Amino acid sequence: MATSTPPPVSRPQSSGLRYNVSKFAEPLVLLAPSGLWLLLLLVAPTVLILELSLIPGFRLGQLAGGYGLGNYLQIFQAIYLPVIGRSLFFAFGAMCSSLILGFPVAYWIAVMAPARWRNLLLVAFVLPLWTSSLLRAYAWIAILRPSGVLNLLLGAIGLPGQDLLNRPPAVLIGMTYSFLPYMVLILYASLEKLDKRLLEASADLGATPQQTFWKVTVPQTMPGIAAACLLVFISSLGDFVVPELLGGAASMTVSRLIYNQFLGATLNWGFGSSLSMILILGVSVAIALLIKYGDRDGATLT
Amino acid sequence: MSQTVMQNRRSEIETQPDVELRKVFKVFNGETAVRGIDLDIRKGEFFSILGPSGCGKTTTLRLIAGFEEPTGGEVLICGQSMNGVPAHQRPVNTVFQSYALFGHLTVWDNVAFGLRLKKCSHADVQQRVSEALTLVKMDSLSRRFPAQLSGGQQQRVALARALINRPPVVLLDEPLGALDLKLRKEMQVELSNLHQKLGVTFVLVTHDQEEALSLSDRIAVMNGGRVEQIGTPSEIYESPLTPFVADFIGDTNLFQGKIDQSYSALLNVVTHKGLKISVCPQDSWNGSHGGDVVVSVRPEKIQLGSQTDGMTHAPKTRDPMNCYEGRLKHIMYLGTHVHYVVELLTGENLTVLQPNRPESRIDLYTPVQVYWSAADCLALTP
């Protein structure tokens with residue numbers, strides 16, 4: 001009986017200890033599964049690639065040499081610079097065209113369409129994301145090839161046929177198609193939050209609809225525009241399927257070059273790793289810039 | 001002194017209307033928000049549209065601003081028909097209920113927004129923005145962003161932004177609704193000062209009757225999409241035309257009944273519960289014998305005495321007095337005044353407002369007498 005009730009003095013100490021344990025244990029329990037996952041499948045492989053990239057000319061099954069920066073210097077050779085430039089061009093082009101195509105759509109769904117249709121319209125737009133990207137690329141082959149759907153239609157209305165497949169325009173079309181839903185989704189989220197009374201206030205002060213758009217709508221949704229553009233840019237930069245299937249030999253990109261180093265004829269794992277590291281670095285810098293300067297309202301508030 | 005300034009200014013108000021509404025209707029998805037409104041808002045006037053929420057007052061303002069197009073009828077500003085004229089081409093500026101300041105711009109740039117659209121010269125913008133900010137006492141915070149300002153400060157910026165284009169008409173959509181009581185009182189005084197200084201037409205939408213009474217030259221009381229009465233604050237308060245206006249503006253006691261006897265200057269009314277009330281009808285009264293009538297008596301016009309006093313305190317007037325016995329049911333202490341609820345013998349409840357004097361204190365549940373002059377009540381058509 002007497003032992004069942006602990007002495008009152010020790011009580012606060014034990015509960016304090018328990019509190020301290022739970023203070024460390026709870027985050028550990030909550031974060032451990034995903035942390036372990038990231039450690040095994042993201043951090044470890046990245047470190048491995050970093051190591052490989054520092055061994056010049058590392059090839060599978062060959063004796064490895066010492067550490068050096070040879071792989072990184074190789075990137076700046078004249079034959080590889082156009083590949084990097086082309087990758088940036090495709091990513092930038094896909095970003096611009098999906099912004100130009102996506103903004104009016106997102107604006108229409110968020111501001112002008114009847115509220116009860118909004119969710120349905122969004123789902124209709126996101127639907128292509130639920131099919132495999134490989135499948136979508138093959139569909140574009142069927143459309144763009146010389147005897148494809150596009151040229152059938154052009155021929156039917158008396159216009160000259162276009163040979164787009166296996167050339168850069170096909171890559172831009174395919175990338176834009178792939179990443180447009182992301183652009184629309186993020187822009188929609190941003191435009192939907194836009195206070196419509198600000199548009200009225202702008203008109204009230206004498207702004208034409210065009211002036212209101214450039215002076216209020218665009219600045220107010222700039223964080224969303226920046227985030228959407230960055231996402232499309234990064235996704236396009238790393239995309240492999242579209243340039244591989246639609247781009248042909250003239251559309252060599254960094255991702256295809258990396259693929260070739262690991263699984264193609266050259267099997268130069270060291271060079272592939274250095275290219276990968278450069279790609280990861282570029283993307284990281286872009287994200288860091290977005291976090292620092294993207295949401296200026298949030299920054300000024302704090 | 002300020003009284004004479006007010007008088008002069010009011011006499012200066014021209015009779016030519018600045019804003020006119022002609023039989024304006026507005027229907028939203030089959031629901032009629034505004035049902036045939038006629039308004040003449042005079043140049044330089046402080047005009048209020050007062051009504052409970054959902055009465056169509058904000059819709060009326062939005063029809064003037066151009067954010068909504070009327071389903072029927074016509075809006076005229078400065079004599080020009082505004083049908084089909086978009087908001088950005090109308091010579092009015094609005095102070096929004098939620099301020100609607102541009103969060104991505106500083107206070108300075110918010111105020112300069114309208115001027116920059118008009119392609120004003122840089123020097124002109126500098127001068128007028130700093131003038132406008134000084135006018136609303138916000139010149140020291142011009143580099144801040146709206147999110148860094150308090151509600152009252154945001155309100156001042158919204159005012160400066162609306163005034164900078166020097167519009168002939170300024171529309172104010174419940175501009176003080178979000179402020180606390182003390183700040184609201186301060187801003188009311190400032191609004192009134194600004195209006196006198198600038199001499200432009202102010203159209204204020206509000207549900208706060210005190211605000212409308214204290215600020216306005218004229219008030220339009222709206223209910224259910226219609227204008228019930230237009231008049232000066234004293235007209236609206238002293239001679240309401242409908243039971244709704246009598247009830248909405250200030251407190252009142254309303255008795256529904258029938259006209260029992262009708263003389264040239266006196267009506268005898270019997271309420272549905274059998275109370276007999278003598279009423280001196282206003283000049284505009286045109287009800288007939290046997291017709292339905294609503295009698296309105298303001299709580300402050302009713303005298304209250306304990307039964308032992310009898311009517312000794314009653315003022316001697318030539319108008320007949322209404323005198324009833326009852327029981328004190330509820331006392332609410334308001335500081336300067338005391339609010340009583342008296343249950344009459346016929347079962348009707350009467351609110352009475354008396355100045356707070358120690359000698360006039362009466363205990364709860366004691367029998368009391370209430371009396372008021374026939375000239376102090378109004379006969380209204382239901």
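Basis of the calculations
Residues numbered from 1 in each chain as written. Chains lettered and ligands numbered in written order. Predicted model: local features only at pLDDT ≥ 70, side-chain atom pairs only at ≥ 80, totals over all residues. Heavy atoms only, no water. Helix = DSSP H or I, 4+ residues; strand = E, 2+ residues; numbered from the N terminus. Rg over C-alpha atoms; globule rule 2.2 N^0.38 Å. Buried < 20%, exposed > 50% of the residue type's maximum accessible area, 1.4 Å probe, protein only. Contact = heavy atoms within 4.5 Å. Areas by Shrake-Rupley, 256 points an atom, 1.4 Å probe, with all protein chains shown as cover. Pairing = 2+ DSSP bridges. Axes fitted to C-alpha atoms, helices over the stretch in contact; angles between N-to-C directions. Core = buried A, V, L, I, M, F, W, Y, C linked by side-chain atoms within 4.5 Å. Expected span 1.5 Å × (residues − 1). Bend = angle between axes of the 7 residues up to and from the residue. Buried area = accessible area lost by both parts, 1.4 Å probe. Salt bridge = Lys/Arg side-chain N within 4 Å of Asp/Glu carboxyl O. Polar contact = N/O pair within 3.5 Å; in protein donor to acceptor, adjacent residues only side chain to side chain. Nonpolar A, V, L, I, M, F, W, Y, C, P; charged D, E, K, R; others polar. Parallel < 35°, antiparallel > 145°, perpendicular 65-115°, else oblique. Left-handed = near helix turned anticlockwise from the far one by under 90°. Phe/Tyr/Trp six-rings, centres within 6.5 Å; stacked < 30°, edge-to-face > 60°. Lys NZ or Arg CZ within 6 Å of the ring centre and 35° of its normal. Disulfide = S-S within 2.5 Å. pLDDT = per-residue confidence, 0-100.

Chemist: Just give me the short version of the overall build of chain A, but keep the residues and values in it.
Modeler: Each helix and strand counted, chain A has 14 helices and zero strands in total. Taking 302 residues into account, the globule formula puts the C-alpha radius of gyration at 19 Å, and chain A, at 27 Å, lies well above it. Counting all 302 residues of chain A, 34% fall into the buried class. Contacts spanning at least 24 positions in sequence make up 65% of the contacts within chain A whose residues lie at least 6 apart. If you sum the accessible surface of chain A, you get close to 17,800 Å²; carbon and sulfur atoms cover 73% of it.

Chemist: Account for the sheet that holds strand S12 (residues 267-271) of chain B, with residues named and values stated.
Modeler: Residues and elements named next belong to chain B. Here we have five strands laid out as an open sheet, ordered S13-S12-S11-S14-S20, and antiparallel in their pairing. Since the sheet does not close on itself, it has two edges, and those belong to strand S13 (276-279) and strand S20 (377-380), each with one partner. Across the sheet, the mean angle from the axis of one strand to that of its neighbour is 40 degrees, orientation sign disregarded. Pairing of S12 with S13 involves four bridges; the strand directions are antiparallel. Bridge pairing in S13 links Val269 to Ile277.

Chemist: For the nonpolar core, give the residues involved together with the corresponding values.
Modeler: Counting 87 residues, the largest nonpolar core has Leu21, Leu39, Phe102, Phe113 and Leu171 of chain B as the members making the most contacts within it. If you look at the next biggest cluster of nonpolar residues, it comprises 35 residues, including Met138, Leu149, Leu172 and Leu215 of chain B.

Chemist: Talk me through helix H3 (residues 81-112) of chain A; I want residue IDs and the actual numbers.
Modeler: Given a rise of 1.5 Å per residue, 32 residues ought to cover 46 Å, and the 45 Å separating the end C-alpha atoms of H3 of chain A matches this to within 8%. The sharpest bend along H3 of chain A measures roughly 30 degrees and falls at Gly102 of chain A, with the proline Pro104 of chain A sitting one to four residues further on.

Chemist: Describe the pairing of strand S2 (residues 31-42) of chain B, naming the residues involved and giving the relevant values.
Modeler: Residues and elements named next belong to chain B. Summarising the sheet, strand S1 (residues 17-28) and S2 pair through nine bridges and their orientation is antiparallel. Its bridge partner lying in S2, Val19 is registered against Ile41. The hairpin turn running from S1 into S2, its antiparallel successor, is two residues long, and Asn29 in that turn takes a positive phi close to 45 degrees.

Chemist: Describe the interface of chain B and chain A, listing the residues and the values that go with them.
Modeler: Counting from both sides, the interface comprises 23 residues of chain B and, opposite them, 20 residues of chain A. Buried area between chain B and chain A, both sides added, is near 1,900 Å², and the carbon and sulfur share of it is 60%. There are one salt bridge connecting chain B and chain A. The salt bridge partner of Glu200 of chain A is Arg62 of chain B, with a shortest N-O separation of 2.6 Å. Applying the counting rule to chain B against chain A returns eight residue pairs in polar contact (both at pLDDT 80 or more). Elements that contribute at least two residues to the side of chain B that touches chain A include exactly strand S6 (92-95) and helix H3 (107-117) of chain B. The residue makeup of the side of chain B that touches chain A, split by class, is 11 nonpolar, nine polar and three charged.

Chemist: Run through unusual backbone geometry, naming residues and quoting values.
Modeler: Residue and element names in this part refer to chain A. At Asn166, a position not held by glycine, the phi torsion is positive, near 65 degrees. The topology assignment puts Asn166 in the loop between helix H6 (149-156) and helix H7 (168-193). The class of Asn166 is partly exposed, set by a relative accessible area of 41%. Positioned with a positive phi, Leu267 is a non-glycine residue whose angle comes to about 55 degrees. Within the fold, Leu267 resides in the loop between helix H12 (254-263) and helix H13 (269-293).

Chemist: Can you tell me about the packing of helix H5 (residues 151-163) of chain B against helix H6 (residues 181-198) of chain B, naming the residues and giving the values?
Modeler: Residues and elements named next belong to chain B. Interaxial distance between H5 and H6 falls to 12 Å at its minimum, and their mutual angle equals 15 degrees. Classified by the angle their axes make, H5 and H6 are roughly parallel. Of the two elements, H5 crosses H6, and the hand of that crossing is right-handed. Along its contact with H5, which presents Gly152, Gln155, Arg156, Leu159 and Leu163, the element H6 presents Leu183, Met187, Glu190, Leu191, Leu194 and Leu198.

Chemist: Describe in detail the environment of Gly335 of chain B, supporting the description with residues and values.
Modeler: Note on placement: Gly335 of chain B falls in the loop between strand S16 (321-333) and strand S17 (337-344). Gly335 of chain B gets classed as partly exposed once you look at its relative accessible area, which sits at 32%.

Chemist: I'd like a description of the packing of aromatic side chains, backed by residues and values.
Modeler: Taken as a whole and assessed by the stated rule, the structure comprises 15 aromatic pairs over all chains. Each member of the aromatic cluster is reached from another via a ring pair, and the members are Phe103, Tyr107, Phe213 and Trp214 of chain A. Arg298 of chain B extends its terminal NZ or CZ atom over the ring of Tyr237 of chain B, reaching a point 4.1 Å from the ring centre.

Chemist: Can you lay out the state of the cysteines for me, pointing to particular residues and giving the numbers?
Modeler: When the sulfur atoms of two cysteines share a covalent bond, that bond is a disulfide. Residue and element names in this part refer to chain B. Overall, the coordinates contain zero disulfides over all chains when judged by the stated rule. In this model Cys120 remains outside any disulfide bridge; the closest cysteine sulfur is found in Cys78, 19 Å from its own. Look at Cys120 and you get partly exposed, because its relative accessible area is 23%.

Chemist: Can you lay out the environment of Ile157 of chain A for me, pointing to particular residues and giving the numbers?
Modeler: All names here are of chain A. Mapped onto the elements of the fold, Ile157 is located in the loop between H6 and H7. With relative accessibility at 64%, the residue Ile157 sits in the exposed group. Taking the C-alpha atoms as reference points, Ile157 and Thr221, 64 residues apart in sequence, are found 41 Å from one another.

Chemist: Tell me about the confidence of the model for chain B, residues and numbers included.
Modeler: For chain B, per-residue confidence averages 87 on the pLDDT scale, and 92% of positions sit at 70 or higher. Counting contacts from residues 1-14 of chain B, a segment whose pLDDT is below 50, to residues more than four positions away or on other chains yields 15 contacts.

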